[in-house]
Amino acid sequence: MTARTPTDDVRIVLVYSSLLGIYGDRGNAMVLARRLHWRGERARLIAVEPGRVLPDDADLYLLGGGEDAAQVSAANAMRLDGAINRAVDRGAVVLAVCAGYQIAGHRFTDGNGVDHAGLGLLDVVTERSAHRAVGEIASYSDILSGDDGWLTGFENHGGLTRLGASARALGRVHAGIGNGDGTDGAVTGRVLGTYAHGPVLARNPALADHLLELVLGRPLAPVACAEVGQLRAERLAKAGVTEGLRLSA
Ligand code: GLN
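Residues numbered from 1 in each chain as written. Predicted model: local features only at pLDDT ≥ 70, side-chain atom pairs only at ≥ 80, totals over all residues. Heavy atoms only, no water.

Before we go on, may I ask you to explain the packing of aromatic side chains in this structure?
To describe a pair of aromatic rings, one takes the distance between the centres and the angle between the planes. This structure, assessed with the given rule, holds three aromatic pairs. Ring centres 5.1 Å apart and planes at 80 degrees place the aromatic pair Tyr101 and Tyr195 in the edge-to-face group. With Tyr101 in helix α4 (residues 99-104) and Tyr195 in the loop between β12 (191-194) and α5 (200-203), the pair connects residues that are 94 residues apart, well separated along the chain. Here Tyr101 matches Tyr195 in class, with each residue buried. (Phe/Tyr/Trp six-rings, centres within 6.5 Å; stacked < 30°, edge-to-face > 60°. Helix = DSSP H or I, 4+ residues; strand = E, 2+ residues; numbered from the N terminus. Buried < 20%, exposed > 50% of the residue type's maximum accessible area, 1.4 Å probe, protein only.)

Looking at this model, I keep getting lost on the side chain of Asn156. Mind explaining?
Considering the arrangement of structural elements, one finds Asn156 in strand β8 (residues 150-163). Looking at Asn156, its side chain comes within polar contact range of the side chain of Tyr23, at 2.7 Å. With sequence-adjacent residues up to four places away left out, Asn156 is seen in contact with Tyr23, Cys98, Arg132, Ala133 and Val134. (Polar contact = N/O pair within 3.5 Å; in protein donor to acceptor, adjacent residues only side chain to side chain. Contact = heavy atoms within 4.5 Å.)

Got a minute to help me understand the site of the ligand in this structure?
Around the ligand, 16 residues are found, and the nearest of them are Asp68, Gln71, Cys98, Asn156 and Gly158. Measuring from an oxygen atom of the ligand, one finds a side-chain N or O atom of Arg132 at 2.9 Å. In the model, an oxygen atom of the ligand is placed 2.9 Å from a nitrogen or oxygen of the Gly158 main chain. If the ligand stood free it would expose 300 Å²; the protein chains cover 98% of that surface. Contributions of two or more residues to the shell around the ligand are made by α2 (68-81), α4, β7 (124-140) and β8. Residue composition of the shell around the ligand, grouped by class: three nonpolar, nine polar and four charged. (Near = heavy atom within 4 Å. Areas by Shrake-Rupley, 256 points an atom, 1.4 Å probe, with all protein chains shown as cover. Nonpolar A, V, L, I, M, F, W, Y, C, P; charged D, E, K, R; others polar.)

Take it as geometry only, folks, not as evidence of what the structure does.
Right, here's the structure in full:
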């Protein structure tokens, strides 16, 4: 990532969404761009498909979910390309969802029990579980605050993820499976992973603002939107989570 000046567009790369785009994960890019525009900031969305070179000078990279075969192709292409690793070394921010999250780790095992190398951006390893995790997931993340700390989404994955010493969990699971040990996702530096689809940033816009604040290096003005609290309340109720809510909606 080259140094940003305050007038630069925020460069957001949507990585291989034809391979990593199940459950509408590309919507995360739209949410980020729209939330920048609402604050008078400029966003440049760069969608890169396999076979094309990924830029290594962008601010934020988005990796979505995918089925096993697509996930392996995407992981191999990203490793060969090397741009995301170079960008992270220079301070870029990454949001990686489900298959993307597994790819961001050191390695993952596919549905045939074959191990594949990941990017090593997150200190996590994914192994296959006997049971698929499918359904609503709700977790509480202390990287956010108040009701915004509640993250809801939809998960569907056959892998479970173990965190190493340099990763911390993104959130503590209150409903669903996530990593499989009572936590969901991982954070290492400016790289965040989660099992939550939704798209996760549409369901949890405070997480989108957190990523943008990491990029911009300053707080963003709040955006009032009653639907966010209403959706959170609806999804938490659906997931059976009632504890600790101070919902304003
Ligand atoms: N293929 C991976 C798994 O099943 C990830 C699935 C997904 O991205 N939803 O674990």
